[in-house]
Amino acid sequence: MTERSGTFRVLLTVQVRPGMEADFEKVWAEGGKEVTAQPANLGHTLARGAGDGEGSVYYVVSDWTDRESFLGFERSPEHVRHREKLHPYRTGGSLATMHLVEVAG
């Protein structure tokens with residue numbers, strides 16, 4: 001994932017139905033290729049919670065060149081279809097967006 005100041009970052013928290021984690025990961029991976037194929041996408045990752053009671057909580061981090069490019073993809077028919085495929089696995093979640101201010105290292 002390319003990290004630089006000014007990057008538009010999306011952090012999605014997804015709560016998955018217990019017992020459906022492997023299927024969720026498989027379906028998510030199928031759609032991940034569509035995201036990383038976007039010219040404005042700088043990286044896209046999926047992480048699973050490691051704390052007590054977090055085994056069914058996932059975090060998606062996606063970096064974009066700018067907000068408008070992300071929103072354009074978010075509204076695209078391809079992405080809407082992919083979200084619909086993930087819906088049966090989800091019990092909840094949240095979305096946060098941000099601009100990177102400083103990247104150390």
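Residues numbered from 1 in each chain as written. Predicted model: local features only at pLDDT ≥ 70, side-chain atom pairs only at ≥ 80, totals over all residues. Heavy atoms only, no water.

A few points about the overall build of the chain
A tally of regular secondary structure across the chain gives three helices and four strands. Listing each helix as α and each strand as β along the chain from the N terminus yields β-α-β-β-α-α-β. The principal-axis extents of the C-alpha atoms in the chain amount to approximately 40 × 35 × 20 Å. Partitioning the contacts of the chain with sequence separation of at least 6, the portion at a separation of at least 24 is 72%. Accessible surface computed for the chain: about 6,300 Å², of which carbon and sulfur atoms make up 52%. With 12 positive and 15 negative side-chain charges, the chain shows a spacing of 5 Å between the two charge centroids. (Helix = DSSP H or I, 4+ residues; strand = E, 2+ residues; numbered from the N terminus. Contact = heavy atoms within 4.5 Å. Areas by Shrake-Rupley, 256 points an atom, 1.4 Å probe, with all protein chains shown as cover. Lys, Arg positive; Asp, Glu negative; His and termini not counted. Charge placed at Lys NZ, Arg CZ, Asp CG, Glu CD.)

Points about the pattern of salt bridges
Side chains that carry opposite charge are capable of pairing whenever their charged atoms lie near each other. Counted by the stated rule, this structure contains three salt bridges. Here Arg-48 and Glu-25 are joined by a salt bridge, their closest N and O atoms 3.7 Å apart. Of this pair, Arg-48 sits in strand 2 (residues 41-48) while Glu-25 sits in helix 1 (residues 21-36), and the two are 23 residues apart along the sequence. (Salt bridge = Lys/Arg side-chain N within 4 Å of Asp/Glu carboxyl O.)

Observations concerning the sheet that holds strand 4 (residues 90-99)
Reading across from one edge, 2-3-1-4 is the order of the four strands in this open sheet, with antiparallel pairing throughout. A single partner strand is all that each edge strand has here, and the edge strands are strand 2 and strand 4. Each strand axis lies, on average, 15 degrees off the axis of its neighbour in the sheet, ignoring direction. Relative to strand 3 (residues 57-64), strand 2 is paired through seven bridges, and the arrangement is antiparallel. Its bridge partner being in strand 3, Ala-47 is matched across the sheet by Tyr-59. (Pairing = 2+ DSSP bridges. Axes fitted to C-alpha atoms, helices over the stretch in contact; angles between N-to-C directions.)

Side note on the UniProt feature "domain: ABM" (unreviewed entry) in the chain
Under the local residue numbering, the UniProt record ascribes the feature "domain: ABM" (unreviewed entry) to residues 8-98. In residues 8-98, the share of helix is 37% and the share of strand is 37%. The end C-alpha atoms are 6 Å apart. (UniProt positions renumbered as here; feature names shortened; annotations may be inferred.)

Looking at the nonpolar core
The biggest cluster of nonpolar side chains holds nine residues, and these are Val-14, Val-16, Phe-24, Val-27, Trp-28, Tyr-58, Val-60, Leu-86 and Tyr-89. No other element matches the three residues that helix 1 contributes to this core. Excluding its chain neighbours within four sequence positions, the residues that come into contact with Tyr-58 are Leu-12, Thr-13, Val-14, Val-16, Glu-21, Phe-24, Glu-25, Leu-46, Ala-47 and Arg-48. Formed by eight residues, the second largest nonpolar core is a distinct cluster that contains Val-10, Ala-40, Leu-71 and Phe-73. (Core = buried A, V, L, I, M, F, W, Y, C linked by side-chain atoms within 4.5 Å. Buried < 20%, exposed > 50% of the residue type's maximum accessible area, 1.4 Å probe, protein only.)

Remarks on the side chain of Ser-76
Secondary-structure assignment places Ser-76 in the loop between helix 2 (67-74) and helix 3 (77-86). The class for Ser-76 is buried, based on a relative accessible area of 12%. Of the polar contacts made by the side chain of Ser-76, one reaches the backbone oxygen of Phe-73; its length is 2.7 Å. (Polar contact = N/O pair within 3.5 Å; in protein donor to acceptor, adjacent residues only side chain to side chain.)

Points about the environment of His-44
Relative to the helices and strands, His-44 is located in strand 2. Only 3.2 Å separates the side chain of His-44 from the side chain of Ser-62, close enough to count as a polar contact.

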